[in-house]
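# Residue-level structure breakdown
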Amino acid sequence: MANNYGFSTNAIRAGYNSAEHFHSVTPPIYQTASFDLEDIDRTRRLWTGAEAGGIYSRVGTPTGGILEARIAELDGGKAAVALSSGMAAITYTLFLLGQGGGNIVAGSSLYGAALLDVLEFLPKYGIETRFPEDRNDPASYEKLIDENTKAIYLESISNPNIELYDIDAIAAIAHKYGVPVVVDNTVATPYLYKPFEHGADITVYSATKELNGHGNVIAGLVVEKGDFPYPKERFPQLYEKSWKMRDLQNNPRSGAEFIPGAPVIALLKIFFTEFFGGALGSFESYLVLQGLQTLSVRLDKKLQTVRKVVEFLESRPEVEFVNYPYAKGSKYKDLADRDFKKGPGALLSFGFKGTREQEGKFIKALNNFSYHVNIGDVRSLITNPPENTHTELELKVLEKAGIPQNLLRVSIGLEDAEDLIADLDQAFKKAFA
Ligand SMILES: *Cc1c(COP(=O)(O)O)cnc(C)c1O
């Protein structure tokens, strides 16, 4: 699949051949529940995967198929599946890898819903989570791996703490034991960080965020690199043959045979979208494809702005600390220099040095930062994670995740940097008047 085009070219063109879609220049929206099958031979080819095409939109759409091919190309992966949300991508992937029970080792600084998912929801289905004593120390992960470990799960840039991890080192340890590494690459996107070049085996995305970039869709993606030798004893589900995946000659096949190299994507497509539903709709796929086209220019601009905003915040007496790998004193600067050559994203957070009431006034006084829970929008956004995106988490969990009560998270948009800084300035003045 891999071609030699640059990132921006692939973000616009990969996975799409207009001749297959009535020469429509823009990938079309297939707003239909099901597709004509033509004749019984073609039906058979469609169901066995011998021919690509629409069957029934619960299990995927042609527009979603374009998005899957495009993200696989951008990530440098073998295959992908488009799902109805980032949380579907995360939960489906961990459910599948953890089938039959076991444990996952997860970094404890995670998106709020993902953290509660691994902390309280997945354990109800026999998938326990272990958190390393020091999530920044690769050796801490090794201590927790045993014969029932089904995955290491991390965010490449953690939300809302903006932590970075030495995924190369963590993956080297995981692979010694035959354990795959799953990376949530939502905040970084493949433009800034390619997890597969750092040892990851599966990436998951909330395409709701920077990939789409316009705050107008909920979408998720899972991508599989395609060369991880899943040990049979640890992952029998990937080698189990099923009549549902039979070939044209009626030979039952396993996920590993259905999409060689990408058994996880095969089973997510064949069983999870079939039985849980949750394939991404055609219209949502179209919106993500549309947003993806401008990902690199959007991030190039945001990376300039975020540095200016970080510098401004660092100069303010109302700010206790700034979380960003290039903020003064950050322990993530070296990793950012090594792994994030273009820059470590457009998300930052900071400690508000004031009362809760002053914090409320500050947020209320902002005009060019919307106050809501999304990130990766064209609009700049601000939120208070302990009472918002991470409100489901108890205080002790927040503490462990390194999320203090006075944390404010800022997602930089595409407005003029001067306007954003002037806006923060006047809001600080109002809050502390
Ligand atoms: C938002 C987010 C998710 C969840 O994605 P949804 O599309 O809202 O389901 C997962 N991981 C990260 C890092 C996120 O920011």
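Thresholds, definitions, all that
- Residues numbered from 1 in each chain as written.
- Predicted model: local features only at pLDDT ≥ 70, side-chain atom pairs only at ≥ 80, totals over all residues.
- Heavy atoms only, no water.
- Near = heavy atom within 4 Å.
- Polar contact = N/O pair within 3.5 Å; in protein donor to acceptor, adjacent residues only side chain to side chain.
- Areas by Shrake-Rupley, 256 points an atom, 1.4 Å probe, with all protein chains shown as cover.
- Helix = DSSP H or I, 4+ residues; strand = E, 2+ residues; numbered from the N terminus.
- Contact = heavy atoms within 4.5 Å.
- 1 Å grid on protein atoms, 1.4 Å probe; cavity = no way out; pocket = protein on both sides within 12 Å on 5 of 7 lines; lining within 4 Å.
- Points joined across faces, edges and corners; volume = space filled by probe spheres on them.
- Nonpolar A, V, L, I, M, F, W, Y, C, P; charged D, E, K, R; others polar.
- Domains from an automatic or database assignment.
- Phe/Tyr/Trp six-rings, centres within 6.5 Å; stacked < 30°, edge-to-face > 60°.
- Buried < 20%, exposed > 50% of the residue type's maximum accessible area, 1.4 Å probe, protein only.
- Lys NZ or Arg CZ within 6 Å of the ring centre and 35° of its normal.
- Salt bridge = Lys/Arg side-chain N within 4 Å of Asp/Glu carboxyl O.
- Buried area = accessible area lost by both parts, 1.4 Å probe.
- Pairing = 2+ DSSP bridges.
- Axes fitted to C-alpha atoms, helices over the stretch in contact; angles between N-to-C directions.

What follows deals with the site of the ligand. Around the ligand, a shell composed of 14 residues is seen, among which Met87, Asp184, Ser206, Thr208 and Lys209 lie nearest. The separation between an oxygen atom of the ligand and a polar side-chain atom of threonine 208 is 2.6 Å. Within the side chain of lysine 209, a nitrogen or oxygen atom sits 2.8 Å from an oxygen atom of the ligand. Relative to its unbound accessible area of 380 Å², the ligand is 94% covered by the protein chains.

Assignment of secondary structure puts valine 322 in strand S8 (residues 319-323). In sequence terms valine 322 and alanine 139 are 183 residues apart; their C-alpha atoms lie 27 Å from each other. Excluding residues that lie within four positions of it along the chain, valine 322 makes contacts with Val310, Leu313, Glu314, Ala327, Leu348, Ser349 and Phe350.

Going through the model one piece at a time under the given rule, you end up with one cavity of 30 Å³ or more. Of the volumes computed, that of the largest cavity is approximately 70 Å³. Every residue lining the largest cavity is listed: Thr186, Val187, Lys209, Glu210, Ala346, Leu347, Ile375, Gly376 and Ser411. Split by residue class, the lining of the largest cavity holds four nonpolar, three polar and two charged. Of the residues that make up the lining of the largest cavity, three or more belong to each of domain 1 (7-292) and domain 2 (297-431).

Once that is clear, we can look at the packing of aromatic side chains. All told, the structure shown has 20 aromatic pairs when counted by the stated rule. Ring geometry for phenylalanine 228 versus tyrosine 230: centroids 4.8 Å apart, planes at 85°, classification edge-to-face. Just as phenylalanine 228 is buried, tyrosine 230 falls in that class too. A network of ring pairs unites the aromatic residues Tyr92, Phe95, Phe121, Tyr125, Phe272 and Phe276 as a single cluster. Between the NZ or CZ atom of lysine 342 and the centre of the ring of tyrosine 191, over which it lies, the distance is 4.3 Å.

All right, on to the pattern of salt bridges then. Per the counting criterion, the structure on display carries 24 salt bridges. Counted as one network, the salt bridges with shared partners bring together Glu38, Arg42, Arg45 and Glu51.

Our focus in this paragraph is the domain arrangement of the protein chain. Assigned domains within the protein chain: domain 1 (7-292) and domain 2 (297-431). Centre-to-centre, using C-alpha coordinates, domain 1 lies 29 Å away from domain 2. Every contact between the two is made by 40 residues of domain 1 and, on the other side, 41 residues of domain 2. Of all residues in domain 1, Ile162, Leu164 and Leu192 give up the largest surface area on contact with domain 2, accounting jointly for 21% of the area buried on that side. One can count four salt bridges joining domain 1 with domain 2.

For the rest of this paragraph, the subject is the sheet that holds strand S1 (residues 79-83). The seven strands lie next to each other as S1-S7-S6-S5-S4-S2-S3, forming an open sheet whose pairing is mixed. Every interior strand has two partners, whereas the edge strands, S1 and strand S3 (127-130), have only one. Averaged over neighbouring strand pairs, the angle between their axes works out to 20° when direction is ignored. Bridge analysis of strand S6 (residues 202-206) against strand S7 (residues 220-224) gives five bridges, and the strand direction is antiparallel. Within S7, the position partnered with valine 204 by the bridge is valine 222. This element, helix H4 (residues 86-97), spans S1, strand S2 (102-106), S3, strand S4 (149-155), strand S5 (181-184), S6 and S7 of the sheet and lies at about 150° to S6. In the packing of helix H10 (residues 263-275) onto the sheet, the strands contacted are S1, S6 and S7, and the crossing angle to S1 comes to about 30°.

Our focus in this paragraph is the pairing of S6. For a regular strand, the rule is simple: side chains alternate between the two faces of the sheet. Of all five residues in S6, five are buried; the element is thus mostly enclosed. Of the two faces of S6, the one holding Ile202, Val204 and Ser206 and the one holding Thr203 and Tyr205 are both buried throughout. Note: S5 against S6, three bridges, orientation parallel. If you follow aspartate 184 over to S6, its bridge partner there is valine 204.

Right, let's get into the environment of isoleucine 66. Residue position: isoleucine 66 is located in helix H3 (residues 62-75). It is 9.7 Å that separates the C-alpha atoms of isoleucine 66 and alanine 82, two residues lying 16 residues apart in sequence. Among residues more than four places away in sequence, those in contact with isoleucine 66 are Gly15, Tyr16, His21, Pro27 and Leu289.

The next thing to look at is the sheet that holds strand S10 (residues 369-371). The five strands lie next to each other as S8-S9-S12-S11-S10, forming an open sheet whose pairing is mixed. One side of each edge strand has no neighbouring strand; the edge strands of this open sheet are S8 and S10. Taking each pair of neighbouring strands and ignoring which way they run, the sheet shows an average axis angle of 25°. Across three bridges, S10 lies against strand S11 (residues 380-383) in parallel orientation. From the neighbouring strand, tyrosine 371 faces S11, where its bridge partner is isoleucine 382. In this fold helix H12 (residues 295-314) packs onto S8 and strand S9 (347-352), with an angle of close to 10° to the strand it touches most, S9. Against the sheet, helix H16 (residues 417-431) makes contact with S8, S9, S10 and S11, and its axis sits at roughly 55° relative to S10, the strand it touches most.

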